[in-house]
Amino acid sequence: MKAQEAVVKRILELCAERRISPNHLAYISAVPTSTVKNILNGKSGNTGIVTIAKLCNGLGITVTEFFGTEVFQKLEQEIM
C-alpha cells in the first residue's frame with residue numbers, strides 16, 4: 001500500500017467511526033468538498049500536511065493520532 005492509499009483508507013475509517021459523510025467532514029474541517037473528493041477519488045496524488053491537519057481539527061484528533069495506526073507503520077518505502 002502506498003502513502004496516499006493509506007491516507008484515503010484512514011479518512012474513510014475515521015468517517016465510518018464517527019458516522020459522518022466525507023461531505024460533512026469537509027464542512028466541519030473547512031476544507032473544500034472538492035478537495036476531499038479529489039483525495040478520496042485518487043485525483044490528489046499527494047495530500048498536503050496542512051490539509052490533513054485541517055481534517056484532523058475537524059475530527060477532533062491530532063495529526064499524530066491520524067498517522068499513529070498500523071496502516072502507516074507498515075507502509076512500503078516509496079521511491080520518488
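A brief look at the structure comes next. This is a predicted model, so every value here is computed, not measured. (Residues numbered from 1 in each chain as written. Predicted model: local features only at pLDDT ≥ 70, side-chain atom pairs only at ≥ 80, totals over all residues. Heavy atoms only, no water.)

### As for the state of the cysteines
Selection rule: Put simply, a disulfide is two cysteine sulfurs that come within 2.5 Å.
Counted by the stated rule, this structure contains zero disulfides. For Cys15, which is in no disulfide, the shortest distance to another cysteine sulfur is to Cys56 and amounts to 11 Å.

### Structural notes on the nonpolar core
Heads up, the condition is: Throughout, nonpolar core names a set of buried Ala, Val, Leu, Ile, Met, Phe, Trp, Tyr and Cys residues whose side chains join them through atoms within 4.5 Å. Throughout, exposure labels follow a simple rule: accessible area from a 1.4 Å probe, protein chains only, divided by the maximum for the residue type, with under 20% read as buried, over 50% as exposed, and the rest as partly exposed. Where helices and strands are cited, they refer to DSSP runs of H or I of at least four residues and of E of at least two residues respectively, numbered from the N terminus. Contact definition: two residues touch when any of their heavy atoms are within 4.5 Å.
Within the largest apolar cluster, 20 residues are counted, with the highest numbers of intra-cluster contacts made by Val7, Ile11, Leu25 and Phe66. Elements represented by at least two residues in this core include exactly helix 1 (3–18), helix 2 (22–29), helix 3 (33–40), helix 4 (49–59) and helix 6 (70–73). Looking at this core, the element that brings in the most residues is helix 1, giving six residues. Contact partners of Phe66, with chain neighbours within four places excluded, come to Val7, Arg10, Ile11, Leu14, Ile52, Cys56, Ile61 and Phe72.

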